[in-house]
Every structure is written in C-alpha cells, then in structure tokens.
Amino acid sequence: DHEGRVVVVHNGIIENYLDIKEKLLASGHEFSSETDTEIVAHLIAYHDRGNPFEAFMSALRELKGAYALAILFRDQPDQIFVARKNCPLLVGITENEGQFVASDVAPMLSYTRDVVFLDENQAGIVSNEGLKLFCVNTGEPISFQIERVEWNPVMAEKQGYKHFMMKEIHEQPDVIRNTIGTRTSEEQGEILLEDIGIDSARARSLNRIVITACGTAYYAGLVGKYLLEKAGQIPVDIDLASEFRYRDPILDENTLVIAVSQSGETADTLAAIDLAKQKGAHTLGIINVKGSTMTRKVNGTLYIHAGPEIGVASTKAYMAMLVAFQLLSMYLGRLRGNLEAERCRELIHDLKVIPQLIEEMLKEKKLVEEIASKYMNFSNFLFLGRDINYPTALEGALKLKEISYIHAEGYAAGEMKHGPIALLDKDCPVVAVMTRGPLYEKIVSNVQESRSRDCRVLGIITKNDRQVLHHVDDALEVPDIDPVLSPLIN
Ligand code: BG6
C-alpha cells in the first residue's frame, strides 16, 4: 500500500478493480502501478482500524473475480493471511519447519506432504502455530482436514531430463501401467471400478452422459465420447467447461456428468460441477490430484494416478485420462450388457501391452528430431484426423501451438472440403493421423486431396503400411493395434 505496510502476492484477476480503485483514489490513496493486484494492498490498508485480519476479511468481501492471495503486514512478520476464490491455494503444514503457501502440491513436496486445500470463501492465518481457517462471509472459525499427499519429492524433480515435459513424456509407459493398476481382471473379462460410485443399477438407469473439461482434458473427453458411446451405448455430449457453466444445460438425475481435470482445480471445471449438482445430475471426476477441490465436489472419483505433472502443457496426464476413459467405457459396457466378456478380455490384453509399445516408440527420438528439423521453419500447420483420432489431431495442434509457438489447427479430415482446404499450399504442411482403422480409406483420400494443393504431408501411419507411403512425404510409424486403443499410440 502507499505506506509500504501491506505486501501482497496474488494469482488471478480482480474483476472490479477499477471501481475499487476509484473509491480509493477519492480517499487519497496513490498508486504506483496499473495492476489489479495493487488495489488489494490498498483496500486492506483502507479497512485497517487496528485489526489486520479483520481488515483483510473486509477487503475480501469487496473483491470480485479470481484470487489466491498471500498477505503479509510489515509489523506482523510472523503471520501470513491467505484466501482463495476461483484459484487454487494450499497450505503445507510441518511441526517444526514452518508452514508453506503455494498454488500447487509439487513445490510443497520437498518440505512437507501434509497439506490443506482451502475451499472457496475461506480465509486463513498461517503462523508458527499452524493454520486457522475462517469463513469469509460470517467470520466464524472452520474446522479442516489435513490431506497426506502420496507423492514424494523425487517425483517432482527433473531426474536428468532437460525439462519436465520431456521427463513426463518418458513417464507415459509407467503412468499407463499405474492407471490400469489393479482395475482389470483379464481372466474374467471384467473391469473393477466399484469404488467410483456407479453400481449396476445406476449404470443401467443412465440415459445420457455429459463430459466437461478444459484444454487437453477436454480432448481426452472427446476420445471418451467415442469410447463411451461405442462400448456403453449411451448418448454422450461434451462441452468445454467455460461454455457449459454459462449455459442453462438440460440435466436430470439420470444424467452422468463427467468432469476431467489433471489438477482438480481448474475454475471453469469446478463451476461446471457445481451447476451439474444443482441440476440434480450424478457427477464423476476423472482427476489426478488427490484431495484437490474437485475431488471434494464430485459424487465419485476415478483417479488417473499420473503423479505430479509439472510441465504446463499436459502430456502424461492426457494419456492417463485416455486410459481412464477406456476403463470406464468397458466398465459401463459390461454393466449395461453391451460389451461381451470376450471382447473386454481382448481389450484388457491389448491395453496392457501398450506401455511396452510406447517404450519402443520413445527410442525413435533421432527420427523424430530429423523430421522436426525438416518442418521447423513452417509457420502454419493443419492436423487432420477422423473418428476416434479426430481428437488426436486437435491435441496435436494444441501441443504445437503451446510448445513451439507455431500456428496450428486441428480438423476433422472429412470437414476439409468445406473451407479449410483453401488454406493449403506448399507453405502449410499437413500432419495426418492415418493409421489403420474403420475410416482408413477415407482419410487416405482426404490426404490425397490435400496433396493436390502441393502441401507437404507428414503421416502418422501404421508400421509397415507400404501402401500409404505413396501418399505422404514423411512418416512416423506406430505399432499396429486395435483401432479403439489407437489414440494412446498415435
Ligand atoms: C491449461 C493447461 O492451462 O489447463 C492444459 O495448459 C490443461 O495443459 C488445462 O489441459 C486444463 O487443466 P486441468 O488441470 O483441469 O486438466
């Protein structure tokens, strides 16, 4: 604040900061920046009548938008005030080595595995004595639970890899093994998911599933739609959480709403769950972080067991989400009588082989590097896929954008002729997922059309598929597996 007495760390956006700023300017506050964060410090100082925590609480009641806040008063250096709204915030608890505040579990792990996830509308005082929590609206104290995180500090280190994303890509085989865990009985052709809160009666009473998520988790959900409709024979809708939450979706008690999230803290997905519950739907979370806010909101959780994902762009969690959807679709398919035990057995067998196949693929790094160096100077890419690999194309394009800062679009290949084909020329290469499957011939002909526009094609193709080599300029070969499982390999 203008006296340098209140220090603020803030993640999020204060939406009504201009209104608050106007009020504070009128009462003589001077600002040294244009940021929304600075008004938080001034607003607390404005409310301070000698009780700093009361001042903090009064300020919180005025703030709109999203925040995870940590506040320190210069004259009370042994206390940190914390609060959250639409942004994650955790307090790490130790007996003798201090307390910690962060927005994610990973940075806590070197200090403590005992954490408290704050809920919406809670504010706390962190000190040597531990944590005290209060309700922001009433000021009443709140009791809370300390969660024990199962991850260890080594899991949150780079372990010799150049960056976390590379490490996490290499962890994918083990992550898939962990997600499968003890959830299958190959002998009986059964999936063991009784702990997710969907029994046979509920599975049979479902008349619709709605999947909602953000980013990569949304694309995993899109693969989930194909799987659930096929094995479960249930109509499935999917919606971005940021759209779903502001619509007036039609849901009832026979709708299952599945929220997908690595962190379990994404604000739009959390709000989507609240809405689904308000409307009486049954909710299931496909989530990575145990104890996260989402796990406490949903009726049941299917944990993906991917371990800490530190790279901002999701990789291994995406794989684990795909496996989770695979298991869930087979589970519902069996309960609803749409999936034969024999077919389920086959799929379990093939699913269990995938980690080994990916281990082999990860040895092809040299080839991938060679191809990357051929394509690195293009500024636009089109990713094409069909059917269950349409989401693969979307996810591929998202990764290229987020990681290489190269513009890329993902498209359903059958939609090319309705406009996007106009963009293709020698400067816009196509990455096409054209592995063997029910729509193989279709995508090959889509790629032929693209090539008539002189564009370069990089095909993701099935190993030893000589026939398709005529239609591509470069190829990355992947093992031949059941098309239903191909998004995991592609
Ligand atoms: C984005 C990340 O900001 O959040 C994506 O970059 C991620 O990789 C998305 O998929 C959603 O996050 P979560 O934790 O809800 O899966």
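Residues numbered from 1 in each chain as written. Predicted model: local features only at pLDDT ≥ 70, side-chain atom pairs only at ≥ 80, totals over all residues. Heavy atoms only, no water.

Counting 77 residues, the largest nonpolar core has Ile258, Ile286 and Leu328 as the members making the most contacts within it. Top element by residues in this core is helix α11 (residues 316-335). It accounts for 15 residues. Other than its neighbours up to four places away in sequence, Ile258 contacts Ile209, Val210, Ile211, Thr212, Leu228, Leu284, Ile286, Phe325 and Leu328. (Core = buried A, V, L, I, M, F, W, Y, C linked by side-chain atoms within 4.5 Å. Buried < 20%, exposed > 50% of the residue type's maximum accessible area, 1.4 Å probe, protein only. Helix = DSSP H or I, 4+ residues; strand = E, 2+ residues; numbered from the N terminus. Contact = heavy atoms within 4.5 Å.)

Glancing now at the packing of aromatic side chains. Under the criterion given, the structure shown has 10 aromatic pairs. Ring centres of Phe73 and Phe81 lie 5.9 Å apart, and the angle between their planes is 55°; on these two criteria the pair is classed as tilted. Of the two residues examined, Phe73 and Phe81, each falls in the buried class. The interplanar angle of 20° and the centroid separation of 4.5 Å between the aromatic rings of Phe100 and Tyr111 together place this pair among those described as stacked. Residue Phe100 is found in strand β5 (residues 100-102), and its partner Tyr111 is found in the loop between β5 and β6 (114-117); the two are separated by 11 residues along the sequence. The exposure class assigned to Phe100 is partly exposed, which follows from its relative accessible area of 21%. The class for Tyr111 is partly exposed, based on a relative accessible area of 49%. Ring-pair connections join several aromatic residues into one group, and the members of that group are Phe53, Phe56, Phe73, Phe81 and Phe134. Positioned over the ring face of Phe31 is Lys21, at 5.0 Å from the centre of the ring. (Phe/Tyr/Trp six-rings, centres within 6.5 Å; stacked < 30°, edge-to-face > 60°. Lys NZ or Arg CZ within 6 Å of the ring centre and 35° of its normal.)

Along its 20 residues, α11 runs 29 Å from first to last C-alpha, staying within 8% of the 28 Å computed at 1.5 Å per residue. Among the 20 residues of α11, 19 are classified as buried, and the element is accordingly described as predominantly covered. One or two steps after α11, the chain reaches Gly337, where phi turns positive at roughly 75°. (Expected span 1.5 Å × (residues − 1).)

Attention now moves to the sheet that holds strand β8 (residues 130-135). A sheet is described by the order of its strands in space; here 6 strands give the open sequence β1-β2-β3-β7-β8-β9, paired in antiparallel fashion. At either margin of the open sheet sits one strand with a lone partner, and together these are β1 (6-14) and β9 (141-142). Taken together, the 5 bridges between strand β3 (residues 79-85) and strand β7 (residues 122-127) define a ladder with antiparallel strand orientation. Residue pairing for β7: Ile80 is matched across the bridge by Val126. (Pairing = 2+ DSSP bridges.)

We now examine the site of the ligand. Around the ligand, the structure places Cys214, Gly215, Thr216, Ala217, Ser261, Gln262, Ser263, Thr266, Val312, Ala313, Ser314 and Glu402. In the environment of the ligand, an oxygen atom lies 2.7 Å from a nitrogen or oxygen atom belonging to the backbone of Gln262. Considering the ligand on its own, with 390 Å² of exposed area, one finds that the protein chains cover 76% of that surface. Ranked by the residues each element gives to the shell around the ligand, the list is headed by helix α7 (residues 215-232), at 3 residues. (Near = heavy atom within 4 Å. Polar contact = N/O pair within 3.5 Å; in protein donor to acceptor, adjacent residues only side chain to side chain. Areas by Shrake-Rupley, 256 points an atom, 1.4 Å probe, with all protein chains shown as cover.)

Turning our eyes to something else, we now look at the sheet that holds strand β21 (residues 457-462). If you walk across this open sheet you meet the 5 strands as β19-β18-β20-β21-β22, and the pairing is parallel. At either end of the open sheet lies a strand with only one pairing partner, and these are β19 (407-412) and β22 (474-478). Looking at each pair of strands side by side, their axes are set apart by 20° on average, direction ignored. (Axes fitted to C-alpha atoms, helices over the stretch in contact; angles between N-to-C directions.)

What follows deals with the pairing of β6. Pairing of strand β4 (residues 90-92) with β6, which is carried by 3 bridges, proceeds in the antiparallel orientation. Opposite Leu90, over in β6, you have Phe117 as the bridge partner. Summarising the sheet, β6 and strand β10 (residues 147-148) pair through 2 bridges and their orientation is antiparallel. Looking across to β10, one finds that Asp114 is bridged to Arg148.

The next subject is unusual backbone geometry. Phi at Gln233 takes a positive value of approximately 50°, unusual for a residue other than glycine. By secondary structure assignment, the location of Gln233 is in the loop between α7 and β14 (236-240). In this structure, Tyr405 takes a positive phi of about 55° despite not being glycine. Relative to the assigned elements, Tyr405 resides in the loop between α14 (390-404) and β19.

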